[in-house]
Amino acid sequence: MKKKRLFILFMIFILCMVGCKAKGDNNNVQERFNVQIAKETAIEYMERLKANDIDGANAISTPEIKASNKIKKLTSMPIMAFQTANINETGNSAYISFYCTRTNGNLSDANLDLVNIKIVKGNEEYIISDVKSENISEIYHEKDELRLITKGEGSSQLILRLKDLPLQVYPKGQNPVINKVKVPKDKYSVIGISYTGSNIAVSTTDGKNSFIGVAIIEEANVESSARVLDSKLAQDQGGGGSAGTPLDEDTLKKALEKPVAQQISGYDVLEDSKIKTLMFNEEEGVLIVQYTKGNGNSLGMKIYSNPDGDLFPIEFEKLFPMDKYSIEYVKSTKNDLVINVTAMDKKNISQEVLGSYKIDLIQKTIEKI
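Here the structure is a predicted model, which means the values were calculated and not measured.

Trainee: What is the right way to look at the sheet that holds strand β13 (residues 273-280) in this model?
Mentor: Strand order in the open sheet formed by 3 strands is β13-β14-β15, with antiparallel pairing between adjacent strands. On the outer flanks of this sheet lie β13 and β15 (300-305), each paired with one strand and no other. When the angles between neighbouring strand axes are averaged without regard to direction, this sheet yields 25°. Of the strand pairs in this sheet, strand β14 (residues 286-293) and β15 are connected by 6 bridges, and their pairing is antiparallel. Along β15, the bridge assignment pairs L287 with Y304.

Written out as structure tokens, the structure is:
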């Protein structure tokens, strides 16, 4: 009997030891690197870069990053929007990459970059220990041409020319839809690019009115165009031209080059307006447009479905008149947008209107948050 009691006591002791060890192991797991917290830290870092908050970005970085000029290089071309691309955990650190759309704010240049961020755990905090970025696609204008440079390609590709844009479109918002208006396309204005690089938002202007459209391109189309052009150049240069006249490569290239845009759709013409930003959401299902009217500084917003160009049914100018309020795009997720409404006229506003709102892209609703 005594032996049986001793055996039971021994088993209880063993079970307690195992339980304590398991508890200790669980505590160790909890103390291990948390990739979700790392992701949140990386997103916060990107948000601060997007807001051009350099001090805030430095506050969650290692001393080495603070002392470097990498952050300044990233913000030399403002970040318009970003999306998480990939996450890799290495045990005691994580590498999180983001697709990042950027523009220089003045010219019609736009970039699609891949920003790679390394996060480590320092004491109790998760901090940024390294930042690297690479350019995937670059869009620039050259006279009447909009051109694309893609990573790995030896030369730029023609996206479209001003003459390729529609001559007239039906402006959105009129009811009934009867009258077409002339497309103002004296020069390019602001350009935007989607996270995949396949959708290019284009705006042009005549100095007063602004046109908005989208060009759709495919990587296979870009590569095919480059191969055909190189082949034709080699063939024509090999033949020496007509009557033995020396050929100018640039002239020949322009004559033979075809736009890589598979489809060009005219979305809208905004009267007496200047386009400020063009951004696609994460799913590329909508195009978000921010603009000013006349000589005002207040930002308005329009949302168009992509690729058909239908106008989102919420009338932002009626909800937030531009002489009183300004709408700023904050961020987007798969099915939602977040905007912030601020006051332009301190006297004739409603304080209850100010603040952040969530726009449901599926239900087509807006609510304050």
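After presenting the structure, the write-up continues.
Trainee: Would you mind showing me how to read the nonpolar core here?
Mentor: What tends to happen in soluble globular proteins is that the nonpolar side chains get buried as a cluster. By size, the foremost hydrophobic cluster in this structure holds 25 residues, and its most contacted members are M301, I303, F316, F320, I339, V341 and I359. The set of elements that each furnish at least two residues to this core consists of β1 (79-89), β14, β15, β16 (325-332), β17 (336-343) and β18 (355-360). Counting residues per element, this core draws most heavily on β17, which supplies 4 residues. I359 has contacts with I303, F312, I314, F316, N335, D336, L337, I339, T365 and I366, leaving out every residue within four places of it along the chain.

Trainee: What's the story with the packing of aromatic side chains in this structure? I'm lost.
Mentor: Two aromatic rings are characterised by how far apart their centres lie and by the angle between their planes. Across all of its chains, the model carries 4 aromatic pairs by this definition. A ring pair is formed by F320 and Y357, whose centres lie 5.2 Å apart and whose planes are at 65°; its orientation type is edge-to-face. Taken together, the residues span a long stretch of sequence, with F320 in the loop between α8 (316-319) and β16 and Y357 in strand β18 at a distance of 37 residues. According to the relative accessible area criterion, Y357 is buried, its value standing at 10%.

The rules behind each value
- In every chain, residue numbers begin from 1 and rise along the written sequence.
- This being a predicted model, a pLDDT of at least 70 is required before a residue's local features are given, and a value of 80 or more before pairs of side-chain atoms are given or counted; all residues contribute to the totals for chains, interfaces and linings.
- Only hydrogens and water are set aside when side-chain values are computed; all heavy atoms of the structure are taken into account.
- Strands are treated as partners if at least two bridges between them are detected by DSSP.
- Every helix listed is a DSSP run of H or I at least four residues long, and every strand listed is a run of E at least two residues long, numbered separately from the N terminus.
- Note on geometry: axes are C-alpha line fits, over the in-contact stretch for helices, and angles between N-to-C directions span 0 to 180 degrees.
- Throughout, nonpolar core names a set of buried Ala, Val, Leu, Ile, Met, Phe, Trp, Tyr and Cys residues whose side chains join them through atoms within 4.5 Å.
- Categorising residues by exposure relies on relative accessible area from a 1.4 Å probe, with only protein chains included: less than 20% of the type maximum marks a residue as buried, more than 50% marks it as exposed, and the intermediate range marks it as partly exposed.
- In what follows, residue pairs with any heavy atoms lying within 4.5 Å of each other are defined as contacts.
- Side-chain rings of Phe, Tyr and Trp (the six-membered ring for Trp) are treated as a pair once their centres are within 6.5 Å; stacked means planes under 30 degrees apart, edge-to-face means over 60, and tilted covers the remaining angles.

These figures come from the coordinates and say nothing about function on their own.
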